[in-house]
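Next come the chains, spelled out residue by residue.
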Amino acid sequence: MLTCDHSVSSDRYDDRVEEHLHFTGFYHASQIGIVQCQKALVYTLVKRWHPDTHTFHLLIGECAVTLEDVAMILGLPMDGLPVTRMTISSVEALEAECLHQFGAAPRMSECRGSGIKLTWLRDLKERLQLTDEENKQSIAQFSWGSACLAHLYRALCRASRFDCKKIDSSLTLLLVWAWIRLPFLAPVPREPRSFPLANRWRNWERGDRRFRYMKLAHFRKAFDDLQEG
């Protein structure tokens, strides 16, 4: 069975952070509550993903998550520069990049391979000055929605390999996309008028526990029985 790494942020923000989130386009995404994962549905979607076309192959045709879906489901900005930088493959390069971006560098004990431990970033968040206009402007220039969609595509491609047992992308985006496009597969939305759309299914498992325990066979049959129109 595919394992879903589906982390949920528990951060609560003061007024300074909230202003920063509005400015950079992350406010709506930061307000998304807990959307319980449905592993059987994720597994079924992964099995129908084709890496060569970046689409889900169904008996009635192909479909895919789009930028418009990201904007509506997560509320992330679409306009701006692509989020892309050089690949960092050494601790030295990582330290130099952190000094450039944050004015501070993690110690060796705060790194894991060529990555940074989350505890260092959390500590750094408490020390950063959010009034730095140059940093705010640089963050706001990027198309974060495009980066999120690209990450989802890459994660689906990796998860579709026979030797892969995990998927670590935005499963909230993937699940809510499936629930919107195929509403007969969706649990009952608890907040049907919410934006971003992901919040329609905030804490859905409290009111629709039946859906939580649906098995692979249910979703496989539902996908196989799809008809046009």
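Everything discussed here concerns the structure shown above.
Nothing here was measured: the structure is a model prediction, and the numbers come from that model.

Undergrad: Would you explain the sheet that holds strand 3 (residues 55-58) in this entry?
TA: Across a sheet, paired strands are connected by hydrogen bonds in the backbone, their directions being either parallel or antiparallel. Taken together, 3 strands build an open sheet; the order of strands is 2-3-4 and the sheet is antiparallel. Each edge of the open sheet carries a strand with a single partner, namely strand 2 (49-50) and strand 4 (61-63). Pairing of strand 3 with strand 4 involves 3 bridges; the strand directions are antiparallel. Bridging across to strand 4, phenylalanine 56 finds its partner in cysteine 63.

Undergrad: Could you clarify how one ought to interpret unusual backbone geometry in this entry?
TA: As a rule of thumb, non-glycine residues mostly have phi less than zero, and peptide bonds are mostly trans rather than cis. Of note, the bond from phenylalanine 195 into proline 196 is cis; its omega dihedral lies within 30 degrees of zero at 0 degrees. Not every positive phi belongs to a glycine, and histidine 54 is a case in point at roughly 55 degrees. We note that asparagine 203 has phi near 55 degrees; this positive angle belongs to a residue other than glycine. Tracing the backbone through its elements, the reader meets asparagine 203 in the loop between helix 9 (171-181) and helix 10 (209-212).

Undergrad: What is the right way to look at the pattern of salt bridges in this model?
TA: Close approach of charged atoms lets side chains of opposite charge pair. Taken as a whole and judged by the stated rule, the model has 7 salt bridges. In this structure, the salt-bridge partner of arginine 202 is glutamate 191, at a minimum N-O distance of 3.2 Å. Residue arginine 202 is found in the loop between helix 9 and helix 10, and its partner glutamate 191 is found in the loop between helix 9 and helix 10; the two are separated by 11 residues along the sequence. The shortest N-O distance in the salt bridge between arginine 210 and aspartate 208 comes to 3.6 Å.

Conventions adopted
Residues numbered from 1 in each chain as written. Predicted model: local features only at pLDDT ≥ 70, side-chain atom pairs only at ≥ 80, totals over all residues. Heavy atoms only, no water. Pairing = 2+ DSSP bridges. Helix = DSSP H or I, 4+ residues; strand = E, 2+ residues; numbered from the N terminus. Salt bridge = Lys/Arg side-chain N within 4 Å of Asp/Glu carboxyl O.

Any link to function would need more than the numbers given here.
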